[in-house]
Amino acid sequence: MKQVVVEELSSPGCHICKHFEEFWRSIEKDWPNVQYRNVNVITPEGQELASKHMIMASPGIILNGELWSTGGFHKEKFVQKLRELSEE
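Notes on the structure follow. (Residues numbered from 1 in each chain as written. Predicted model: local features only at pLDDT ≥ 70, side-chain atom pairs only at ≥ 80, totals over all residues. Heavy atoms only, no water.)

With that out of the way, let us pick up the packing of aromatic side chains. Counted by the stated rule, this structure contains seven aromatic pairs. Both rings, one in Phe20 and one in Phe78, keep their centres 5.1 Å apart while their planes meet at 85 degrees; by these two values the pair is edge-to-face. One end of the pair, Phe20, is in helix 1 (residues 15-27); the other, Phe78, is in helix 3 (residues 75-87), with 58 residues separating them in the sequence. Taken as a pair, Phe20 and Phe78 share a single burial class, namely buried. Of the aromatic side chains, those joined through ring pairs into one cluster are Phe20, Phe23, Trp24, Tyr36, Trp68, Phe73 and Phe78. (Phe/Tyr/Trp six-rings, centres within 6.5 Å; stacked < 30°, edge-to-face > 60°. Helix = DSSP H or I, 4+ residues; strand = E, 2+ residues; numbered from the N terminus. Buried < 20%, exposed > 50% of the residue type's maximum accessible area, 1.4 Å probe, protein only.)

Structural data, given as structure tokens:
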């Protein structure tokens, strides 16, 4: 399996961000090849990511350095994309 990096750009008080992180924690045991990072948008690194990927809504979900979604997520599509990236 290929290594995959998931970066979640989150903002304080964002309930969708919290929901995504809880979802990830519920499936992470099935994805030993995936490295997850939560980056807060109010940090310098978060500001840089938001600017680089033109993220205007939280959460911004970045997979292997490419923006996958902003402002929400679809569980099945996320898992499908992890599957694809793991096999490439």
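With that settled, the discussion passes to the environment of Val34. Within the secondary structure, Val34 sits in strand 2 (residues 34-40). By relative accessible area, which is 11% here, Val34 ends up buried. Along the sequence, Val34 and Lys77 sit 43 residues apart, while their C-alpha atoms lie 16 Å from each other. Not counting residues up to four positions away in its chain, the partners in contact with Val34 are Val4, Val6, Trp24 and Leu82. (Contact = heavy atoms within 4.5 Å.)

Before going further, it helps to examine the packing of helix 1 against helix 3. As a packed pair, helix 1 and helix 3 sit with axes 12 Å apart at the nearest point and diverge in direction by 50 degrees. When the axis of helix 1 is compared with that of helix 3, the two are oblique. Considering only the axes of helix 1 and helix 3, their crossing is right-handed. Of helix 3, the residues touching helix 1 (which contributes His19, Phe20, Phe23, Trp24 and Ile27) are Lys75, Phe78, Val79 and Leu82. Along the lines of polarity and charge, the residues of the contact of helix 1 with helix 3 split into seven nonpolar, one polar and one charged. (Axes fitted to C-alpha atoms, helices over the stretch in contact; angles between N-to-C directions. Parallel < 35°, antiparallel > 145°, perpendicular 65-115°, else oblique. Left-handed = near helix turned anticlockwise from the far one by under 90°. Nonpolar A, V, L, I, M, F, W, Y, C, P; charged D, E, K, R; others polar.)

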